[in-house]
Amino acid sequence: MTVRDNLAAIRRQIEAACARVGRNPADVRIVAVTKYIDAARAQEVLDAGIADLGENRSDQLLEKYEAIGNQATWHFIGTLQSRKVKEIIDKVDYIHSLDRLSLAKEIEKRAVRPVKCFVQVNVSGEATKHGLVPEETVPFIEQLRSFSRIEVIGLMTMAPHTEDEAILRACFRRLRTLKERVQVLNLAHAPCTELSMGMSNDYEIAIEEGATFVRIGSALVGSM
Ligand SMILES: *Cc1c(COP(=O)(O)O)cnc(C)c1O
């Protein structure tokens, strides 16, 4: 299957998921996760019509940025070490993994313009996952009030590795509820209108539960 074929299939699934819950497919953005592939194949993704590329490692992002540059909108989706911020900050448009104050401070210090950030929440509570515990999310976001270079556009989570639809759905629903709690605070620095949730195995459920950004790797580009 080519990237184009995979993309057509994914778009059909997105349309179906949206139809099931009365959403507009135009409100769901596909971030193509390119961590499994090289820059030449990432270019195929762009050529297939996806402009949003996601990387979870700074070295990989830099390598692909060198080849692709501003043709893509770049999303940093993985754990971000503070010392790597300066290397990537002028290249990325979105950071999906803001999970601690020290990282926020480093972004504030290094960014030359406001960066759209998702606050990552560890909804499932698994020890291996990064992110704030749900109860810390609102206080954390309130702490960012004075940060002029951070715009909290939404929340992000990674669901547990399970086929159990009920568990996945509960995880996504919890993130949506949290997002709504931030939204009603009407914070100028944190409109928090977006939900980054759903990957290759669970994006349809995530969309049914309100995802506006889905991060799709293997289903789109294979995982070799
Ligand atoms: C790899 C990765 C994805 C994509 O995973 P697939 O299952 O291949 O779609 C999404 N989000 C993050 C943070 C990732 O590291």
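Conventions adopted
- Residues numbered from 1 in each chain as written.
- Predicted model: local features only at pLDDT ≥ 70, side-chain atom pairs only at ≥ 80, totals over all residues.
- Heavy atoms only, no water.
- UniProt positions renumbered as here; feature names shortened; annotations may be inferred.
- Helix = DSSP H or I, 4+ residues; strand = E, 2+ residues; numbered from the N terminus.
- Buried < 20%, exposed > 50% of the residue type's maximum accessible area, 1.4 Å probe, protein only.
- Near = heavy atom within 4 Å.
- Polar contact = N/O pair within 3.5 Å; in protein donor to acceptor, adjacent residues only side chain to side chain.
- 1 Å grid on protein atoms, 1.4 Å probe; cavity = no way out; pocket = protein on both sides within 12 Å on 5 of 7 lines; lining within 4 Å.
- Sits in = over half its atoms within 2 Å of the grid points.
- Core = buried A, V, L, I, M, F, W, Y, C linked by side-chain atoms within 4.5 Å.
- Contact = heavy atoms within 4.5 Å.

## Looking at the UniProt feature "modified residue: N6-(pyridoxal phosphate)lysine" (unreviewed entry) in the protein
So, point 1. In this structure's numbering, the residues bearing the UniProt feature "modified residue: N6-(pyridoxal phosphate)lysine" (unreviewed entry) are Lys-35.
So, point 2. Topologically, Lys-35 is positioned in the loop between strand S1 (29-33) and helix H2 (39-47).
So, point 3. For Lys-35, a relative accessible area of 30% corresponds to the partly exposed category.

## Some remarks on the site of the ligand
So, point 1. As a structural note, the neighbourhood of the ligand is formed by Val-33, Lys-35, Tyr-36, Asn-56, Ile-77, Met-158, Met-199, Ser-200, Arg-215, Ile-216, Gly-217 and Ser-218.
So, point 2. One nitrogen or oxygen atom from the side chain of Ser-200 is found 2.5 Å from an oxygen atom belonging to the ligand.
So, point 3. Gly-217 places a main-chain nitrogen or oxygen 2.8 Å from an oxygen atom of the ligand.
So, point 4. A majority-of-atoms criterion places the ligand in the largest pocket.

## Some remarks on the nonpolar core
Proteins that are soluble and globular tend to have nonpolar side chains buried together.
So, point 1. Among the nonpolar cores identified, the biggest contains 68 residues, and Leu-98 and Ile-107 are the most heavily contacted of them.
So, point 2. Not counting residues within four places of it along the chain, the set of residues in contact with Leu-98 comprises Leu-103, Ala-104, Ile-107, Cys-117, Phe-118, Val-119, Gln-120, Phe-140, Leu-144 and Ile-150.

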